[in-house]
Every structure is written in structure tokens, then in C-alpha cells.
Amino acid sequence: MNLSLVEFTERLIPISEFSQGKAGKIFSDVAENNSEYLVMKNNQPTAVIVSVKEYKMIQEKIKRLEALSEKIENMRMLKL
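Keep in mind that this is a model prediction, so the values were computed, not measured.

A.B. asks: So what about the overall build of the chain? Which residues, and what values?
C.D. replies: For the chain, the count of helices and strands is four helices and three strands. Each helix (α) and strand (β) of the chain, taken in turn from the N terminus, gives the series α-β-α-α-β-β-α. The C-alpha atoms of the chain give a radius of gyration of 18 Å, which is well past the 12 Å a tight globule of 80 residues would have. Dimensions of the chain, computed from the C-alpha atoms along their principal axes, are close to 60 × 25 × 25 Å.

In C-alpha cells form, the structure reads like this:
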């Protein structure tokens, strides 16, 4: 997901918004629009909220990259 600076700043949310009754809106936006949010605590990034679909896709990409990395390392070792 490529975001402009304005869009990115709109996705920064202080953790206090969860206690102000805005959690439902945030989670609905994530589920319905595949939006991502960066949760800030004490002005520091603390967590990222992504949809389950996006999370599963990221996990699958990680698995494929790890398998590819292992194959590359095995090929490198065979050349030694």
C-alpha cells in the first residue's frame, strides 16, 4: 500500500483513541477497506493494525522469501 504523506499521517492514531470509543470505526475501516493504521503510544510507534487478509498475505510472502533465501544459501555453499 503506497500512501502519500497526508494519507500516512491520517493513519497514525494515538492509543488514547481506543479508549475514546473510536476502536469500532478503526477496525471497521481496516476490515472493509483493507486500511492500515500505525498506533502511537507516548509519541512512539507501538503497533500496526492490518486486516487478517493482509496479515496472511504478509506471512505467506515471508515464508516464500525464507525458502528462497535458504535455496540461495544452499547454492552458495555448494559452490564452496
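A.B. asks: Break down the pattern of salt bridges for me, with residues and values.
C.D. replies: Applying the stated criterion to the full structure yields two salt bridges. Ionic pairing is found between arginine 11 and aspartate 29, a salt bridge with its closest N-O pair at 3.1 Å. With arginine 11 in the loop between α1 (5-10) and β1 (12-14) and aspartate 29 in helix α3 (residues 23-33), this pair connects stretches of sequence that are 18 residues apart. The buried category is assigned to aspartate 29, whose relative accessible area is 15%.

A.B. asks: Go over the side chain of aspartate 29, please, and point to the residues and values.
C.D. replies: A polar side-chain atom of aspartate 29 sits 3.1 Å from a polar atom in the side chain of arginine 11. Excluding anything up to four places from it in sequence, aspartate 29 contacts Arg11, Asn34, Ser35 and Tyr37.

A.B. asks: How would you sum up the environment of tyrosine 37? Please name residues and give values.
C.D. replies: For tyrosine 37, the position within the fold is in strand β2 (residues 37-41). For tyrosine 37 and alanine 67, which are 30 residues apart along the polypeptide, the C-alpha to C-alpha distance reads 29 Å. Setting aside residues up to four positions removed in sequence, tyrosine 37 forms contacts with Glu10, Arg11, Ile13, Ile26, Asp29, Val30, Ala47, Val48 and Ile49. Only 2.4 Å separates the side chain of tyrosine 37 from the side chain of aspartate 29, close enough to count as a polar contact.

A.B. asks: Which residues make up the sheet that holds β2, and what values do they have?
C.D. replies: Taken together, the three strands give an open sheet; going across it, the order is β1-β2-β3, and neighbouring strands pair in mixed fashion. Strands at the two margins of the open sheet, each flanked by one partner only, are β1 and β3 (44-49). On average, adjacent strands in this sheet sit at an angle of 35° to one another, irrespective of strand direction.

Conventions and cut-offs
- The numbering scheme is per chain: residues are counted from 1 as the chain's sequence reads.
- Given that the model is predicted, a residue must reach a pLDDT of at least 70 before its local features are reported, and side-chain atom pairs must reach 80 or more before they are shown or counted; all residues, however, enter totals for whole chains, interfaces and linings.
- Processing note: side-chain calculations cover all non-hydrogen atoms of the structure and skip hydrogens and water entirely.
- To qualify as a helix, a DSSP run of H or I must reach at least 4 residues; to qualify as a strand, a run of E must reach at least 2; elements of each kind are numbered from the N terminus.
- The globule rule used for comparison is 2.2 Å times the number of residues to the exponent 0.38, while the radius of gyration itself is calculated over C-alpha atoms.
- By convention in these notes, a salt bridge is any Lys or Arg side-chain nitrogen within 4 Å of a carboxyl oxygen on Asp or Glu.
- Using a 1.4 Å probe on the protein chains alone, a residue whose accessible area is under 20% of its type maximum counts as buried, one over 50% counts as exposed, and one in between counts as partly exposed.
- Nitrogen and oxygen atoms within 3.5 Å of one another constitute a polar contact, given that in protein one can donate a hydrogen and the other can accept it, and given that sequence-neighbouring residues count only through two side-chain atoms.
- Should any heavy atoms of two residues lie within 4.5 Å, those residues are considered in contact.
- A pair of strands counts as paired when DSSP detects no fewer than two bridges linking them.
- Think of each axis as a best-fit line through the C-alpha atoms, taken over the contacting stretch in the case of a helix, with angles from 0 to 180 degrees between the N-to-C directions.

Fair warning: the whole summary comes from geometry, so function is off the table for now.
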